[in-house]
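Remarks on the overall topology
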Amino acid sequence: MSGEAKKAPYRVPIGPNHPALKEPVMFTFEMEGEVVKDVDFAPGQAHRGIEWMGMRRNPVQIVHLTDRICGICGVVHSLSFSLAVEQIAGIEVPERADYIRAIVHEFERIQSHLLWAGVAAHELGFDSLLHLTWRVREEAMDVIENLTGNRVNYGIVQVGGVRRDIVPEQHPVIEKCLATYEGLLDTLLSFFLDDRTIQMRCRDVGVLSRRDALELCTVGPTARASGVNVDLRQDYPYAAYGDLDVKAILPERHLGETHGDVYDRIVVRLLEVGQSCQIIRQCLSEMPAGPVTAEEKLVKLLATCKKATGEGIGRVEAPRGECLHYVRMEGKDSPASWKVKASSYSNLMSWIPMLRGSQIADIPIIVASIDPCLSCTDRVAIVQDNRRSILSKDDLHRLSVEKTRRLQG
Amino acid sequence: MRTLPLVPELVRQLFRRPATNRFPAKYLPPSIRVFLREVQAGRAAANPPVPTPPKFRGKIAYDRDSCIGCTLCVKVCPAHAIEFIPDTKKIRVWVDQCIFCSQCTSICPKSCLSMTDAFLLAGEDRYAEELIVE
């Protein structure tokens, strides 16, 4: 090898499949020694054409398809899609259904954050903590299973309400789980936050400044850990959140300072587990009696959806941040357009400032720290004649100009 | 501040029962399929699985006689797992495609579709007899 080729910066490709990454994404690092000089990434390896499938199905079917966009946030996507369709068709959701939606939503947040905490511990090489968090997570999974009938792919949300009521016999099950978590939270916080190894590996690692977080439109716990006060449940309440007392969890309210590093992201997520427990408790005590769906007869619901025209947007605070569904109905069985913007999509760009200047050994924990969910995110892949191509801004501009010319004749 | 707060918990774990339910056997048999066949034949005993929750959505059951062939279930099935057979005016459910959403059981006007507790459905042949309900 010639001396020329050995000179820094070296290019280190990681991915699309790599043991350090839980989902396929392609990274190219420019390394100088152990330090990352620059980084680029290419998502789009897990595109499944879900929107294409949705445009050939009716809203009642799509709700179950949205469950399968992501294995962790099942209720988030179906809730956000239902909100959009309800907006178009003018369906008023009964109050009790709103509360049940909120309860399942919060249980999902608990299990998702605990899952993330386990993954974070695993990325640090702390596997005993991974097993401990995941064992604790099972409690939430069991309750979700009891409420909805399945551990994942809950299928509880339907356009117009929910499909299952929470009966009085289920209250003790929920209560027991909440008591377990409230008792465990301090222990978990101490396991993660007082541990010297975790402090050394996470403090001031993968820093995202407040300014960067705002400029890159970061959402969810990643933004909150950088001190940005955003939480859809507080800013634009949906479901029952308007009646509930939700305040965004910010690190400075609990630690007195914001670093915007991986450690702060752990703090925010773990404290949100406690917050979710409080929300569920409040929901259970304030839940009004009444029907759980606006339209019990599915045939009528299908007819209402078929008549509906217009466009709607459903926004939901997923465990990873804001999830947005855009739906357009034009008086047909299936929607004319359906666009999903998952929360990780907004967060991916924050990898670049986080990874710049960090060490190669910190890459796994920094990549995992935004809790990326790439199967949610990948929505576009351009494949033509077996070749993939990426349209840059200039290409899109050129195509747009060409179309105007064409229309002008 | 403690430097290793997890250590006492780890020591405690040593004396607790493992949280994992060892299904189907305490130790991994050389071949799961052979082992399950032995269990079916009554020659071996399996560790029972974790019980299913109430109203669990498992393999679909179909009451052929009360079906009126209205095809509503075909309209709401997200996975296109239900096929309508015009000759007999009855349906056929391909369980290998079923996503267990239970939407067809909710829409059925005669309640002839229902979800059972069966969940051990993995197989190699998607056209196996036990994976087609009609």
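What counts and how
- Residues numbered from 1 in each chain as written.
- Chains lettered and ligands numbered in written order.
- Predicted model: local features only at pLDDT ≥ 70, side-chain atom pairs only at ≥ 80, totals over all residues.
- Heavy atoms only, no water.
- Salt bridge = Lys/Arg side-chain N within 4 Å of Asp/Glu carboxyl O.
- Helix = DSSP H or I, 4+ residues; strand = E, 2+ residues; numbered from the N terminus.
- Buried < 20%, exposed > 50% of the residue type's maximum accessible area, 1.4 Å probe, protein only.
- Polar contact = N/O pair within 3.5 Å; in protein donor to acceptor, adjacent residues only side chain to side chain.
- Contact = heavy atoms within 4.5 Å.
- Patch = residues over 30% accessible without salt bridge, like charges linked within 9 Å, V, L, I, M, F, W, Y side chains within 5 Å.
- Areas by Shrake-Rupley, 256 points an atom, 1.4 Å probe, with all protein chains shown as cover.
- Pairing = 2+ DSSP bridges.
- Axes fitted to C-alpha atoms, helices over the stretch in contact; angles between N-to-C directions.
- Parallel < 35°, antiparallel > 145°, perpendicular 65-115°, else oblique.
- Left-handed = near helix turned anticlockwise from the far one by under 90°.

**What to know about the pattern of salt bridges**
Counted by the stated rule, this structure contains 31 salt bridges over all chains. The closest approach of N and O atoms between B:Arg12 and B:Glu9, which form a salt bridge, is 3.2 Å. Note that B:Arg12 and B:Glu9 are positioned in helix α1 (residues 7–14) at a spacing of 3 residues, about one turn of the helix. Residues joined in a network through salt bridges with shared partners are A:Glu106, A:Arg109, A:Arg224, A:Asp231, A:Arg233, A:Glu272 and A:Glu317.

**Considerations on the side chain of A:Thr66**
Residue and element names in this part refer to chain A. As for its placement among the helices and strands, Thr-66 is situated in helix α3 (residues 59–67). Overall, Thr-66 belongs to the buried group, its relative accessible area being 0%. A polar contact is formed between the side chain of Thr-66 and the backbone oxygen of Val-63, at a distance of 2.5 Å. Contact partners of Thr-66, with chain neighbours within four places excluded, come to Gly-74, His-77, Ser-78, Phe-81, His-325 and Trp-338.

**A closer look at a nonpolar patch on the surface**
Taken together, the side chains of B:Leu4, B:Val7, B:Val11, B:Leu14 and B:Phe15 make up a nonpolar region of the molecular surface, amounting to roughly 550 Å² of accessible area. With respect to the helices, strands and loops of the structure, B:Val7 is situated in helix α1.

**Section: the environment of A:Ile360**
Residue and element names in this part refer to chain A. Topologically, Ile-360 is positioned in the loop between α16 (351–355) and α17 (363–369). The class for Ile-360 is partly exposed, based on a relative accessible area of 30%. When sequence neighbours within four positions are dropped, the list of residues in contact with Ile-360 reads Met-31 and Glu-34.

**Details of the pairing of strand β6 (residues 309–318) of chain A**
All names here are of chain A. Bridge count between β6 and strand β7 (residues 321–330): 10 bridges; the pairing is antiparallel. The residue bridging Glu-311 from the neighbouring strand is Arg-328, located in β7. As consecutive antiparallel partners, β6 and β7 are separated by 2 residues.

**Some points on the packing of helix α5 (residues 95–123) of chain A against helix α13 (residues 262–286) of chain A**
All names here are of chain A. Contact geometry of α5 with α13 gives a least axis separation of 9 Å together with a crossing angle of 155°. The pairing of α5 with α13 is recorded here as roughly antiparallel in orientation. When you trace α5 past α13, the crossing you get is left-handed.

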